[in-house]
Amino acid sequence: MKTRRARKWVRLGKRVVSHLVLILACAFALFPIYFIVITSFSTLPIASITAQVLIPKLSQFSTASYHAILFSQSPSFTSLLWNSTIFAGSSAAIGLLLAAFTGFALSKFNFPGRRTFVYFILLISLFPSFVLILPFYLEFAKLGLIDSYLGLIIPYSAGAVVFSGILVKNYMDSIPDDIEEAALVDGLGRTGAFFRVLLPLCYPILGLAAFLAFVGPYSDYALAHVFLTSSDKWTLALGLYNVASTDSGASNYGLVTAFAIVMSLPIVAFYMAFQRYIIGGLTLGAVRG
Amino acid sequence: MTGIRLENVTKRFKTTVAVDDVSLQIPDGEFLVILGASGSGKSTILRLIAGLEVQTSGHVYIGDMLVDDYEPRDRNIAMVFQSYALYPHLTVYNNIAFGLKVRRVEKGEIDRRVKSTAQLLGIDDTLDRRPSELSGGQRQRVALARAIVRDPEAFLLDEPLSNLDAKIRSSARVELKRLHQQLKQTFVFVTHDQSEAMTLGDRLAIVHHGKLLQCDTPEQVLSRPANRYVASFVGSPEMVFLEGNVASTGSGFSFVSGPVVIPIRGESRVGPVTIGLRPWDVAVGRTPQPGSLPGRVTGVERLGPSDHLFVDVHGAGGPPTPTAAVRALVRAYEYDIGDSVWVAFDPDRALFFDAQGERLDSMSVLPRRS
Amino acid sequence: MADLRDQTIGFRLRREWPAYVYLLPTILVLLFLNAYPVAYTIYISLTDFGTGGKGSLLSYHYIGLTNYVYALTTGWSTTLALVENSFFWAAGSVVLFLLIGLALATVLNQEIRGKTVYRTVILLPWAMPAFITILVWSNMWGYEYGLINGILHSVGIAPVDWLQHTDTAWAALFVTNVWLSFPFYTVVFVATMQAIPKDLYEAASIDGASGFSQFFRITLPFLRPTIIFVGLMGFLFTFNNFYPIYLITSGGPGISTQIFITESYNQAFGSLGATPAFSTAALYSVIDFVIIIAITVVVIWRTDLTRNWLK
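Residues numbered from 1 in each chain as written. Chains lettered and ligands numbered in written order. Predicted model: local features only at pLDDT ≥ 70, side-chain atom pairs only at ≥ 80, totals over all residues. Heavy atoms only, no water.

## Let's talk about the overall build of chain A
Of regular secondary structure, chain A possesses 14 helices and zero strands. The order of α-helices and β-strands along chain A, N terminus first, is α-α-α-α-α-α-α-α-α-α-α-α-α-α. Projected onto the principal axes, the alpha-carbon positions of chain A cover approximately 80 × 70 × 35 Å. Per element, the accessible surface of chain A, about 12,300 Å² overall, is 68% carbon and sulfur. Averaging the coordinates of the 19 positive side-chain charges in chain A and doing the same for the 11 negative ones gives two points 24 Å apart. (Helix = DSSP H or I, 4+ residues; strand = E, 2+ residues; numbered from the N terminus. Areas by Shrake-Rupley, 256 points an atom, 1.4 Å probe, with all protein chains shown as cover. Lys, Arg positive; Asp, Glu negative; His and termini not counted. Charge placed at Lys NZ, Arg CZ, Asp CG, Glu CD.)

Dropping the structure here:
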């Protein structure tokens, strides 16, 4: 038997170690982000990077990088933002529609061939998506869809269907069959029950699926890089890569970081605001398993 | 009018037979209770009537219409689910109005009907709330209101009281019965609770392993159960069974079970027979009565107004001789464990079951000569 | 029993046919945008499309398994390197994700002051679009102007040319990858741990189980399905995780950190101006796909992962 005193010390020690571990994890998580923020607000150019850049000095505070990014870029930031919004927005909308139908069919119907279909989409979804860039490119080149809005929106919306469809299916599985049956008895057919009862109940997960389907194209580089040749159709991701790969030593650090912040801000804000919700939705299958 | 009729209905799932050749006629305005243990197929019968399942064979009629090929929405029945299945995203008002809106009833009419139904059930002050903000009792009323407001051909209720606290449950029973008398419509009510069934039903349909065992009034089911399963499932405390044999004894025949020897009349078949007694038909006394047997109290279950007594009956020779366990319902706090008692039972009430558990109508206890 | 109206395919079809209508758009999308491209990729891998500058967009020939034979003979050293690198990259990352995620989740799952703040901060890397942060990380690993070397310099350590040596290049990749993914794993494990009934722990501590044995006897078995699930998903994802390698090491030095997916992309779209070697790109894609399927089938067959999917 340990004495009461000894046990108190053990508990205190455990608490100290726990906090140390967590502080370390937080420091690791934060330091690149902190670095981005600090750098984006400091004067340009920086001769060389040392740890000293991590200590902010008021005298070096400047929003010049933001000005440069937002107002004196070619192609203009607004054009990049507009293109990204078009690509990501329309892909998310199309993908979402398909995902809602897919989730409904897989969750609430027991049609002949259901099992085969699930295996089929499982198999298909395993094929590395980056690999599909090649056949897409060859196929779309023949169709003349390279360097067009449509040519990029099509593969983007397809990319989200399987994942979002399964997200919706898992969520619908958690809605008791009773509710749909009540609607059937109340006088609706299955389609009516889907639109008037099940779909409204799925709004939260559809919101999440839409967001995830938006983030994918929004931060895609690989496909856009291959498909978009004229810079007036460039997206934010291409713009950022362009800034980052312009080799001018440390002098473009401010630009890269300012760009990174502006581009990720809406996404981060959304993640942080709905974090509990997003994790809940994403782990519905995993945790229950 | 709008009764419900099942004709040789069978429902098979992959490996099991959930409903096995059930025929059932429910006249218009009747309150029928389908009673069975969990997994007996009772809910499946209800779902077959609603059209949520389709039978493997047989026919379902609502009114005089053959509805085998009708979707649930075309059967014009209302259902109250065990979980209530309220629409979580709609207010109470819209939950109740849903079925009317779907059927494109005119707006003023909807409003009038929703409000009067809500008033009838005493939930008119909750109309703006969401189901998640309601108590269990209120949810149950909303589910009922949603059914009533549509003025359907029949009401199907799937254990609607089982999610309520014990206290509310008995008042909800009374209210449901009152509602039925008011509406005068056909109610089909599924439950596993035999006392709920006894208080509510005009008739009870007892289901076991998918088979309809008996369909009759509560009184008949209690006093003339079709077989041993029904006899033991209905009635509380449960029926006492004495396994024994019919043997010929000199002048006639007797039922013999350990120390218990009872002269019987009727069909004289020799072989294993079980006798069934309601605990309230077993009389216990401190002194011997004609035909009574000595015994010892081995357990007492205090039920409040009365005690449920467990008695080992033995022959005149005392405990070493074979004993038989019986139970009796007696006045509270009259006896205690270890007491020596004399046990007798009302001969007219004893039921006989053959080896297969079927009740033997022809057999009864020979009246004592006094 | 003659009727059996509900047992026939026809009956099920009559009742369930709307499902096909709902699935139709998705089926079309999958056929034209997944199945067909996959098949097309497999076909290209059987041609001389772009190999050795012979083929072009207009003329290429079916050459059977020649490319595969090449990959297994003359090109074997490259193929082997890609296999080894892909596995090392995926397995190494997943092991790190799981270990770090479990450890942090265990710490975070206690009653501890500031829990919400810790969790929110830990989540930040996950909330940033990966493409952006990987670009920033790739700058940070730079020799001359990288932040990492800057920090080393301020504490008196000579700068390391991270991306020029195989070992340090892998280290840079793993550190970056852990940074990108540990938040998700931590939070998933915390969520799962919170679903463990508290009375299990209470019963165990009454039985005298220590913290460690509680972890191994209750927490870990309870987490098992989640670990298998996120582990497999993480492996499959990392096996084809393109950006970290493409943006940080570009597979270098040489091809010592190159994986199938990046090599395939490079062969097809890598060097501007040079003739793209489409058939080689397709070849590596197909090999990648076959490996992924084999792993998935084995894991699904050995565990009960599909339960949720095929309920």
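## Re the interface of chain A and chain C
Tallying the contact residues gives 99 residues for chain A and 97 residues for chain C. When chain A packs against chain C, the two sides together hide about 9,300 Å² of surface, and 78% of this comes from carbon and sulfur. Summed over the shared surface of chain A and chain C, the number is one salt bridge. The partner of A:Arg190 in a salt bridge is C:Glu16, and the shortest N-O contact between them spans 3.8 Å. At the junction of chain A with chain C, the criterion picks out 13 residue pairs in polar contact (both at pLDDT 80 or more). When residues in the side of chain A that touches chain C are grouped by element, the largest group, 16 residues, is from helix 1 (residues 4-40) of chain A. (Contact = heavy atoms within 4.5 Å. Buried area = accessible area lost by both parts, 1.4 Å probe. Salt bridge = Lys/Arg side-chain N within 4 Å of Asp/Glu carboxyl O. Polar contact = N/O pair within 3.5 Å; in protein donor to acceptor, adjacent residues only side chain to side chain.)

## Focus: the interface of chain B and chain A
The figure often quoted for interface size is the accessible area lost as the parts come together. Contacts between the two partners involve 21 residues from chain B and, on the opposite side, 15 residues from chain A. Together chain B and chain A conceal approximately 1,600 Å² of surface at their shared face, both sides included; 63% is due to carbon and sulfur atoms. Taken together, the connections running from chain B to chain A amount to two salt bridges. Where A:Asp186 meets B:Arg150, a salt bridge forms, and the shortest distance between an N and an O atom there is 3.2 Å. For the side of chain B that touches chain A, the secondary-structure elements that each account for two or more residues are strand 6 (77-80) and helix 2 (92-102) of chain B. Among the elements that line the side of chain B that touches chain A, the one with the most residues is helix 2 of chain B, at four residues.

## Digging into the packing of aromatic side chains
Tallied over the entire structure, the rule returns 57 aromatic pairs over all chains. Linked through ring pairs, A:Phe211, A:Phe270, A:Tyr271, A:Phe274, C:Phe97, C:Trp126, C:Phe184 and C:Tyr185 together constitute an aromatic cluster. Sitting over the ring of B:Tyr61, B:Arg5 keeps its end group 4.2 Å from the ring centre. (Phe/Tyr/Trp six-rings, centres within 6.5 Å; stacked < 30°, edge-to-face > 60°. Lys NZ or Arg CZ within 6 Å of the ring centre and 35° of its normal.)

## Things to note about the pattern of salt bridges
Applying the stated rule across the entire model yields 23 salt bridges over all chains. When the shortest N-O distance is used, the salt bridge between B:Asp20 and B:Lys211 registers 3.0 Å. Placement of B:Asp20 in strand 2 (residues 17-26) and of B:Lys211 in strand 10 (residues 211-216) is noted, with a sequence separation of 191 residues between them. Residue class for B:Lys211 comes out partly exposed when judged on its relative accessible area of 43%. Between B:Glu159 and B:Lys42 there is a salt bridge, with the nearest N and O atoms lying 3.6 Å from each other. Of the two residues, B:Glu159 sits in the loop between strand 7 (154-158) and helix 5 (166-183) while B:Lys42 sits in helix 1 (residues 42-50), which places them 117 residues apart along the sequence. Taken as a pair, B:Glu159 and B:Lys42 share a single burial class, namely buried. Overlapping salt bridges bring together A:Glu180, A:Arg190 and C:Glu16 as one network. (Buried < 20%, exposed > 50% of the residue type's maximum accessible area, 1.4 Å probe, protein only.)

## A look at the sheet that holds strand 5 (residues 65-66) of chain B
Residue and element names in this part refer to chain B. Reading across the sheet, the four strands line up as 2-1-4-5 and stay open at both edges, with antiparallel pairing between neighbours. Looking at strand neighbours, the two that pair on one side only are strand 2 and strand 5, the edges of this open sheet. Across two bridges, strand 4 (residues 57-62) lies against strand 5 in antiparallel orientation. Bridging from a neighbouring strand, Ile62 pairs with Met65 of strand 5. Contacts from helix 1 reach strand 1 (4-12), strand 2 and strand 4 within the one sheet, and its direction differs from that of strand 1 by about 115 degrees. (Pairing = 2+ DSSP bridges. Axes fitted to C-alpha atoms, helices over the stretch in contact; angles between N-to-C directions.)

## Considering the nonpolar core
Core analysis: the biggest nonpolar cluster contains 221 residues, and A:Phe259, C:Phe131, C:Phe189 and C:Tyr243 have the highest contact counts within it. Considering every element that reaches this core, the biggest residue donor is helix 8 (residues 166-194) of chain C, with 14 residues. Not counting chain neighbours up to four residues away, the residues in contact with C:Tyr243 comprise A:Phe130, A:Ser219, A:Asp220, A:Tyr221, A:Ala222, C:Phe131, C:Ile134 and C:Ile248. Listed in part, the 43 residues of the second largest apolar core include B:Val33, B:Ala97, B:Ile123 and B:Val230. (Core = buried A, V, L, I, M, F, W, Y, C linked by side-chain atoms within 4.5 Å.)

## Observations concerning a nonpolar patch on the surface
A cluster of nonpolar side chains, contributed by A:Trp9, A:Leu12, A:Val16 and A:Leu20, occupies part of the molecular surface with about 430 Å² of accessible area. With respect to the helices, strands and loops of the structure, A:Leu12 is situated in helix 1. (Patch = residues over 30% accessible without salt bridge, like charges linked within 9 Å, V, L, I, M, F, W, Y side chains within 5 Å.)

## Notes on helix 6 (residues 149-173) of chain A
Residues and elements named next belong to chain A. For helix 6, with 25 residues, the first-to-last C-alpha span of 36 Å sits near the 36 Å given by 1.5 Å per residue. Taken as a whole, helix 6 carries its principal kink of about 35 degrees at Val161. Here helix 6 lies mainly inside the structure; 19 of its 25 residues are buried. (Expected span 1.5 Å × (residues − 1). Bend = angle between axes of the 7 residues up to and from the residue.)

## Some words on the confidence of the model for chain B
Mean pLDDT over chain B works out to 88, with 95% of the residues at or above the 70 mark. Of all helices and strands in chain B, the one with the weakest mean pLDDT is strand 21 (residues 364-365) of chain B (72), whereas strand 9 (residues 203-208) of chain B scores best (96). (pLDDT = per-residue confidence, 0-100.)

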